[in-house]
Amino acid sequence: MNGMTLIRHRRSVRTFDGRALTPSDAERLMQYAGSAQSPYGLPIEWRLLDAKAHGLSSPVIVGAEQYIAGKLRRAPHAEEAFGFVFERVVLYAEQLGLGTTCIAGTMNRAAFERAMDLGPDEVMPCVSPLGYPAAKPSLRESMMRRGIGADARMDASQLFFAGGFDSPLDPARAGDLAGALEMVRWAPSAVNKQPWRVVLREGAAHFYEKHARGYVDASGWDLQKVDLGIALCHYAYGLEQLGRAWTLTVADPGLATPPDTDYIATVR
Ligand SMILES: Cc1cc2nc3c(=O)[nH]c(=O)nc-3n(C[C@H](O)[C@H](O)[C@H](O)COP(=O)(O)O)c2cc1C
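Residues numbered from 1 in each chain as written. Predicted model: local features only at pLDDT ≥ 70, side-chain atom pairs only at ≥ 80, totals over all residues.

With that settled, the discussion passes to the site of the ligand. Close to the ligand lie 21 residues; R11, S12, G105, A150 and P188 are nearest. Tallying contributions element by element places helix α9 (residues 223-241) first for the shell around the ligand, with four residues. When residues of the shell around the ligand are assigned to domains, at least three map to each of domain 1 (3-140) and domain 2 (156-267). (Near = placed C-beta within 6 Å. Helix = DSSP H or I, 4+ residues; strand = E, 2+ residues; numbered from the N terminus. Domains from an automatic or database assignment.)

Further remarks concern the packing of helix α2 (residues 23-35) against helix α4 (residues 78-95). Contact pair α2 / α4: the axes reach a minimum separation of 10 Å and the direction vectors enclose 155°. Taken together, α2 and α4 sit at an angle that is classed as roughly antiparallel. Taken as a pair, α2 and α4 cross one another with a handedness that is right-handed. For the pair α2 and α4, the contacting residues are L29, Y32 and A33 in the first and V89, Y92 and A93 in the second. Split by residue class, the contact of α2 with α4 holds six nonpolar, no polar and no charged. (Axes fitted to C-alpha atoms, helices over the stretch in contact; angles between N-to-C directions. Parallel < 35°, antiparallel > 145°, perpendicular 65-115°, else oblique. Left-handed = near helix turned anticlockwise from the far one by under 90°. Contact = placed C-beta atoms within 7 Å. Nonpolar A, V, L, I, M, F, W, Y, C, P; charged D, E, K, R; others polar.)

A common way to report how large an interface is uses the accessible area buried once the components associate. On domain assignment, one finds that the protein chain holds domain 1 (3-140) and domain 2 (156-267). Measuring from the centre of the C-alpha atoms in domain 1 to the corresponding centre in domain 2 gives 23 Å. If you list the elements that add at least two residues to the side of domain 1 that touches domain 2, you get α1 (3-9) and α4. Among the elements that make up the side of domain 1 that touches domain 2, the one with the highest residue count is α4 (nine residues). For the side of domain 1 that touches domain 2, the per-class residue count stands at 12 nonpolar, three polar and five charged.

What follows deals with the environment of C233. Relative to the helices and strands, C233 resides in helix α9. Looking at C233, the number of C-beta atoms within 10 Å reads 26, which means it is buried. Each C-alpha atom, one on C233 and one on F86, is 9.1 Å from the other, the two residues being 147 residues apart in sequence. (Buried ≥ 20, exposed ≤ 12 C-beta atoms within 10 Å, placed from the backbone.)

Our next topic: the nonpolar core. Soluble globular proteins tend to pack their nonpolar side chains together in the buried interior. Judged by nonpolar contacts, the single largest core of 65 residues is most densely connected at V184, V198, F207, A231, L232 and Y235. At 11 residues, α9 tops the list of elements feeding residues into this core. Both domains that furnish three or more residues to this core are identified here as domain 1 (3-140) and domain 2 (156-267). Contact partners of A231, with chain neighbours within four places excluded, come to V184, A187, W196 and F207. (Core = buried A, V, L, I, M, F, W, Y, C linked by C-beta atoms within 7 Å.)

Another aspect to go through is the sheet that holds strand β5 (residues 160-162). Whenever strands of a sheet pair, they do so through backbone hydrogen bonds, lying parallel or antiparallel. In spatial order, the strands read β5-β6-β7-β9-β8; together these five strands make up an open sheet with mixed pairing. Each edge of the open sheet is held by one strand with a lone partner, namely β5 and β8 (248-249). Alignment of β8 against strand β9 (residues 261-267), held across two bridges, turns out to be antiparallel. Directly across from L248, in β9, lies its bridge partner V267. The sheet contacts of α9 involve β6 (196-201), β7 (204-210), β8 and β9, and relative to β7 the element is tilted by about 155°. (Pairing = 2+ DSSP bridges.)

Here we come to the environment of V13. Tracing the backbone through its elements, the reader meets V13 in the loop between α1 and α2. Exposure remark for V13: the 24 C-beta atoms within 10 Å place this residue in the buried category. Each C-alpha atom, one on V13 and one on I230, is 17 Å from the other, the two residues being 217 residues apart in sequence. Once residues lying within four places of it in the same chain are set aside, the contact partners of V13 are G99, T100, T101 and P133.

What follows is about the pairing of strand β2 (residues 66-73). Of all eight residues that make up β2, six are buried, and the element is covered over most of its length. Here strand β1 (residues 45-50) runs beside β2; their pairing, made up of six bridges, is antiparallel. By the bridge assignment, E45 is partnered in β2 with K71. Two strands pair when backbone bridges link them, and β2 and strand β4 (residues 127-130) are joined in this way by four bridges, in the antiparallel orientation. Bridged to Y67 within β4 is P129.

Below, the structure is given as structure tokens:
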């Protein structure tokens, strides 16, 4: 599968066929997760968890015997770092033919955090069921996808800009970056809100977060920054598919921004 096919083929899988991962798939995935890194340099510990042994469940997941979960220390950019590496792992799982769904809310979180031995200065942002997709999604899964509009994404003209936010990007002017931006467009996000906005300017891609209400908790943890980490992962993946090296910096270019829109990072 080429990169774009992989990105377009991936979708959240919430109905599994009940089989546990083969030892070979489990080993390959966990080895990959253990070695995957984010450009933020914050280490993440991944564990493959047996659902029965730890009493793990999610009301939206059917037929999954195992979950993967990750934890890291609370620190600036922990959200983006986690989203970035989580999505690397998701894309690798997709290559192995495994189903995944990023789950931040619909699970018995306390049981997961116990299974992860979560420390007071640590956070476990999201988990994912792991397994082989069932031939047919459950009725609940189909209804959920329809309710969220999970098969659609916003138009590129709402997400990508040239030079500044007042000028929607003409894809013809994006050159070979158009493919990487299309991968960003199809990234998964919490409740499919797609909070990423990108300004292309002088060869750099400046990523911004368009906040929706209700995603920052009392501790300041911002779930939509996890979405931004996922979007950054897709962009980096798109550049890698072109054989291009990339760097990520956090250095606000000071562009005028629309309301509720904050700078996140720049990829060159
Ligand atoms: C950060 C994040 C949190 C999510 N949390 C949940 C969740 O708690 N429960 C759930 O069923 N799906 C969750 N999702 C999955 C999204 O609903 C899904 O990615 C989105 O609707 C797009 O659908 P797709 O992944 O099939 O492309 C989450 C996704 C992300 C990126």
